[in-house]
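Report on the structure
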Amino acid sequence: MQLNYVEPENIKVNPDAIINSKQIGEKNHPVIVVDDFLLDPHKLISEYVEPTPLVLNTIDSNSLMPGWIGQVSNRFYEIDSAVTQLLDLYTDFDIPDEEIEDHIWNYQINVIHGGGKCARKCIQPHVDPAMMAFVLYLNEDDQQGGTGFYRHSEAGDMNLENVDKSFKRTSDYWKYKEWQFEKMRDNRDEYIDFDSGLMDDAWEEYHYEPMKFNRLILYPAYIFHSSIMKIDWYTESPRVSLSGFIDKSYFTE
C-alpha cells in the first residue's frame with residue numbers, strides 16, 4: 001500500500017512573486033495577475049494534483065466546466081492568506097489584519113482535454129457562485145490559451161445573481177435570461193466541437209489573460225469569463241489548473 005502523506009503548510013507562496021493589478025470592463029473590475037506565484041509549484045502538482053481522483057463533469061451538473069474535476073479538501077494556509085491579502089491591497093475590500101487568516105478558499109482541480117466535443121452551454125461565458133475566484137495555471141509545457149473576459153451584447157459584463165439577490169430585478173438580468181431562453185433553451189445540451197470560436201455571437205471578448213505556468217489570476221467571480229480553447233489544443237496532454245473560490249458571506253455578513 002502506497003500512502004500519500006502530505007503537509008499542506010509546506011505549500012509556500014513565493015515572496016518575490018510579480019504582481020500586476022489591472023482594472024477591466026465597464027465597472028473597472030479588479031483583476032490581479034501574479035507570476036511565479038508558488039515557490040515550488042511542482043510540490044503542489046506531485047503531492048496534491050496528481051494523486052487527486054478526477055470525476056468527469058456530467059451534462060446535468062450545475063457546473064459548466066467541460067472536463068474533469070477534482071475536489072481538494074486540504075487547506076493551503078499560505079495560498080489562503082496570500083490571495084486574501086491581494087484582495088485587501090488591490091480591491092475595494094477592506095480586510096482587517098486580524099481577519100486575514102480567517103478567510104478560507106475552496107479549491108478545485110480542473111482538467112480539460114482538447115480535440116473532442118462538449119455541450120454548447122459549456123462554451124458560453126459564465127459566472128461562478130462565489131464572490132471572488134482565482135485560477136492557477138499548472139501546465140509547464142503546453143501553455144496555449146488562457147482566460148477571456150466577456151461582455152454580453154444585451155446584458156453587459158457581469159451577473160450578480162449569486163452575490164446580490166436584488167440584481168434579479170434589474171433589466172440586465174432579464175435581458176440575459178431572455179437570451180438564455182431564446183438562444184440556449186433548445187440546443188444548450190447539444191454536443192459540438194470544444195472550440196471557443198463557436199460561442200454565441202452575443203459575446204464580445206474585451207480582456208484576455210494568457211496562460212503561463214505558475215501564474216495566478218484573481219478576479220470577481222461575477223464577471224463573465226471563460227477558458228479559451230481551440231479544437232486542436234491539448235489533444236496530447238490536458239490543460240490543468242487549480243481554481244479557488246471564496247463565498248460572498250465573508251464580505252456581506
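Reading the values: rules and limits
Residues numbered from 1 in each chain as written. Predicted model: local features only at pLDDT ≥ 70, side-chain atom pairs only at ≥ 80, totals over all residues. Heavy atoms only, no water. Helix = DSSP H or I, 4+ residues; strand = E, 2+ residues; numbered from the N terminus. Buried < 20%, exposed > 50% of the residue type's maximum accessible area, 1.4 Å probe, protein only. Contact = heavy atoms within 4.5 Å. Areas by Shrake-Rupley, 256 points an atom, 1.4 Å probe, with all protein chains shown as cover. Lys, Arg positive; Asp, Glu negative; His and termini not counted. Charge placed at Lys NZ, Arg CZ, Asp CG, Glu CD. Pairing = 2+ DSSP bridges. Salt bridge = Lys/Arg side-chain N within 4 Å of Asp/Glu carboxyl O. Core = buried A, V, L, I, M, F, W, Y, C linked by side-chain atoms within 4.5 Å. Axes fitted to C-alpha atoms, helices over the stretch in contact; angles between N-to-C directions.

**Some words on the overall build of the protein**
Scanning the protein from terminus to terminus reveals five helices and 13 strands. When burial is assessed residue by residue, the protein has 50% of its 253 residues classed as buried. Partitioning the intrachain contacts of the protein with sequence separation of at least 6 by distance along the chain shows that 82% fall at a separation of at least 24. Accessible surface for the protein amounts to roughly 12,900 Å². Of this, 46% is attributable to carbon and sulfur atoms. Looking at charge distribution, the protein has the averaged site of its 22 positive side-chain charges lying 7 Å from that of its 45 negative ones.

**Looking at the pairing of strand E5 (residues 106–112)**
Within E5, six of the seven residues are buried, leaving the element largely enclosed by the surrounding structure. Note: strand E4 (residues 68–72) against E5, five bridges, orientation antiparallel. From the neighbouring strand, Trp-68 faces E5, where its bridge partner is Val-111. Of the strand pairs in this sheet, E5 and strand E13 (residues 239–246) are connected by seven bridges, and their pairing is antiparallel.

**Some remarks on the sheet that holds strand E11 (residues 216–220)**
Taking strand neighbours across the sheet as the criterion, the eight strands line up as E1-E2-E11-E7-E13-E5-E4-E3 in an open arrangement whose pairing is antiparallel. Looking at strand neighbours, the two that pair on one side only are strand E1 (18–24) and strand E3 (55–56), the edges of this open sheet. Strand direction decides the pairing type here: E1 and strand E2 (residues 29–35), joined by seven bridges, are antiparallel. Considered in E2, the bridge of Ile-24 is made with His-29.

**With respect to the pattern of salt bridges**
One pass over the structure, following the stated rule, counts 15 salt bridges. Asp-189 serves as the salt-bridge partner of Lys-121, at 3.3 Å between the closest nitrogen and oxygen. With Lys-121 in helix H3 (residues 120–123) and Asp-189 in the loop between helix H4 (171–184) and strand E9 (191–193), this pair connects stretches of sequence that are 68 residues apart. Each of the salt bridges in this network shares a partner with another, and the network as a whole consists of Glu-26, Arg-151 and Glu-204.

**A closer look at the nonpolar core**
Within soluble globular proteins, side chains that are nonpolar generally end up buried alongside one another. Phe-37, Leu-44, Ile-79, Trp-105 and Leu-218 are the most contacted members of the largest nonpolar core, which has 78 residues in total. Counting residues per element, this core draws most heavily on strand E7 (residues 132–137), at six residues.

**A closer look at the sheet that holds strand E10 (residues 203–210)**
Strands sit in the order E10-E8-E12 across an open sheet of three strands; the sheet is antiparallel. The two strands at the open ends of the sheet, each matched to only one other strand, are E10 and strand E12 (225–227). Across the sheet, the axes of successive neighbouring strands diverge by a mean angle of 30 degrees, strand direction being ignored.

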